Amino acid sequence: MNQTNQVYPVIWHNDSVSLIDQTRLPNEYAVVEIHRSEDMARAIKTMIVRGAPAIGVAAAYGMYLGAREIETDNRTQFFDSLEKVAQMLASTRPTAVNLFWAISRMKKTAYETAGTVEDIKKILLKTAQIINAEDLQTCQAIGDNGLKVLPATPEKLTIHTHCNAGALATAGYGTALGVVRSAWREGRLARVFADETRPRLQGAKLTAWECVQEGIPVTVITDNMAAHCMKQGLIHAVVVGADRIAANGDTANKIGTYSLALVAKAHNIPFFVAAPLSTVDFELADGSEIPIEERDASEIYQVGKTMLTPTGAEFYNPAFDVTPAELITAIITEHGAFAPGELQKFSQKQMV
Ligand code: MRU
């Protein structure tokens, strides 16, 4: 955290990348220094850094760190080695498209840079820093665009969110929590309801931590309480982030998002997805093609050192689900909020 209490999970500092270790929050605020691309790949895989846009920023720096390690002056040999770095980073987490977007932007920059290998390395660092800075601006724009579509209510709003799509999941400010932050700044927000988000508890640990840091009232509920809270009239709108959005607006996000969208629909509560356009994968026609990461079963059967389940039980641990476009009221981007079907108009502009 810096002096203004803002959270920047990935920053370039002293010739290395500083990551807030998200596996240790909220009990401990620790920063990990990453000097090598292999360590960056491990940090993404083990979720020291997580959240689609933050993974993209981290991977961009990972590409630079990998480039820096390559000891050759020969451009062809350099590109061969850089390709291996790209593959290593790309193999970390399959669902968040921002990872692949950032890697391909870095690769394209490298190939298009004339001059020596040293010139390319310098441009790669600059490009990673630009990706980092752009994401922060993008999130602030998403937050402010969210204000235009949040429902007008006589009382201040209560916004329900899932997982953590906050500053920690981006370069800063957040996507879903960016909307929350903008609503709070404008005096329109009463409170956030944060699903705890089993199995890794990003809502309970990270979203609640961010809200507490900023003095935003937050109520943590377990994932199975959403329908009850909605039925009681406690929720005005749901705002979640996204890991990958297909061209038709179907949206992959943290497991449990789909059921939240269903219960929101049942209670006539608007359901918003807040995400940068870099999260839209225009190559996928619909959500059925989005790869879903399956994580280790220990995330389900174990909390700390405590075993929750009997020996002999079996497990299924998909990390994401896909919410069909028809359950989404609008997708809030840096260019405005759109019905899912309207995303197509950006398909050409987004190609890197
Ligand atoms: O597995 P995680 O913690 O990386 O999953 C994060 C989410 O699902 C977020 O909602 C998504 O990445 C959007 S972050 C702005």
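Residues numbered from 1 in each chain as written. Predicted model: local features only at pLDDT ≥ 70, side-chain atom pairs only at ≥ 80, totals over all residues. Heavy atoms only, no water.

Scanning the protein chain from N- to C-terminus turns up 10 helices and 16 strands. For 352 residues, the compact-globule estimate of 2.2 N^0.38 gives 20 Å, and the protein chain sits close to it at 20 Å. Counting only C-alpha atoms and orienting by the principal axes, one finds that the protein chain spans roughly 65 × 50 × 45 Å. Burial status across the protein chain gives 55% buried among its 352 residues. Of the contacts formed within the protein chain by residues at least 6 apart in sequence, a portion of 76% connects residues at least 24 apart. Only carbon and sulfur atoms are counted for the fraction: they give 52% of the accessible area of the protein chain, which is about 14,900 Å². Here the protein chain holds 32 positive side-chain charges and 39 negative ones, and the gap between their average locations is 3 Å. (Helix = DSSP H or I, 4+ residues; strand = E, 2+ residues; numbered from the N terminus. Rg over C-alpha atoms; globule rule 2.2 N^0.38 Å. Buried < 20%, exposed > 50% of the residue type's maximum accessible area, 1.4 Å probe, protein only. Contact = heavy atoms within 4.5 Å. Areas by Shrake-Rupley, 256 points an atom, 1.4 Å probe, with all protein chains shown as cover. Lys, Arg positive; Asp, Glu negative; His and termini not counted. Charge placed at Lys NZ, Arg CZ, Asp CG, Glu CD.)

With domains assigned, the protein chain is organised as domain 1 (10-140) and domain 2 (150-351). On a C-alpha basis, the centres of domain 1 and domain 2 stand 25 Å from each other. Domain 1 puts 29 residues into the contact, and the matching count from domain 2 is 33 residues. Where domain 1 packs against domain 2, one counts one salt bridge. Taking the shortest distance from any N to any O, the salt bridge between Arg-93 and Glu-293 comes out at 2.9 Å. Going through the elements one at a time, α2 (52-69), α4 (97-112) and α5 (117-147) are the ones with two or more residues in the side of domain 1 that touches domain 2. Counting residues per element, the side of domain 1 that touches domain 2 draws most heavily on α5, which supplies six residues. Tallied by class, residues from the side of domain 1 that touches domain 2 come to 16 nonpolar, nine polar and four charged. (Domains from an automatic or database assignment. Salt bridge = Lys/Arg side-chain N within 4 Å of Asp/Glu carboxyl O. Nonpolar A, V, L, I, M, F, W, Y, C, P; charged D, E, K, R; others polar.)

Within the structure shown, the criterion is met by seven aromatic pairs. The interplanar angle of 80 degrees and the centroid separation of 5.6 Å between the aromatic rings of Trp-12 and Tyr-64 together place this pair among those described as edge-to-face. Placement of Trp-12 in strand β1 (residues 10-13) and of Tyr-64 in helix α2 is noted, with a sequence separation of 52 residues between them. For the pair shown, Trp-12 and Tyr-64 are each scored as buried. Plain terms: the ring middles of Phe-338 and Phe-346 are 5.1 Å apart, the flat faces sit at 65 degrees to each other, and that makes the pair edge-to-face. (Phe/Tyr/Trp six-rings, centres within 6.5 Å; stacked < 30°, edge-to-face > 60°.)

Our focus in this paragraph is the UniProt feature "binding site: substrate" (unreviewed entry) in the protein chain. UniProt feature "binding site: substrate" (unreviewed entry): in the numbering of this structure it lies at Arg-50, Gly-51, Ala-52, Arg-93, Gln-202, Asn-253 and Lys-254. Those annotated residues that line the largest cavity are Arg-50, Gly-51, Ala-52, Arg-93, Gln-202, Asn-253 and Lys-254. Tracing the backbone shows Ala-52 in helix α2. Beyond its immediate sequence surroundings of up to four residues, Ala-52 is in contact with Ala-96, Asn-98, Ala-169, Ala-242 and Asp-243. Tracing the chain through its elements places Lys-254 in strand β9 (residues 251-254). Judged by relative accessible area, Lys-254 falls into the buried class, the value being 6%. With near-sequence residues (within four places) excluded, Lys-254 lies in contact with Arg-93, His-162, Cys-163, Thr-197, Gln-202, Asp-243, Ala-319, Phe-320 and Asp-321. (UniProt positions renumbered as here; feature names shortened; annotations may be inferred. 1 Å grid on protein atoms, 1.4 Å probe; cavity = no way out; pocket = protein on both sides within 12 Å on 5 of 7 lines; lining within 4 Å.)

This brings us to the state of the cysteines. Scanning the model with the defined rule gives zero disulfides in all. Cys-163 supplies the cysteine sulfur nearest to Cys-211, a cysteine that is in no disulfide, at a spacing of 13 Å. Judged by relative accessible area, which is 2%, Cys-211 ranks as buried. Just so you know, Cys-229 is unpaired, no disulfide at all, and the nearest cysteine sulfur is the one on Cys-211, 16 Å from it. (Disulfide = S-S within 2.5 Å.)

Turning our eyes to something else, we now look at unusual backbone geometry. Residues other than glycine predominantly adopt negative phi, and peptide bonds predominantly adopt the trans conformation. Note the cis peptide between Leu-25 and Pro-26, where omega equals 5 degrees. Within the secondary structure, Pro-26 sits in the loop between β2 (16-20) and β3 (31-34). Phi is positive for Met-47, close to 70 degrees, though the residue is something other than glycine. For Met-47, the position within the fold is in the loop between α1 (37-45) and α2.

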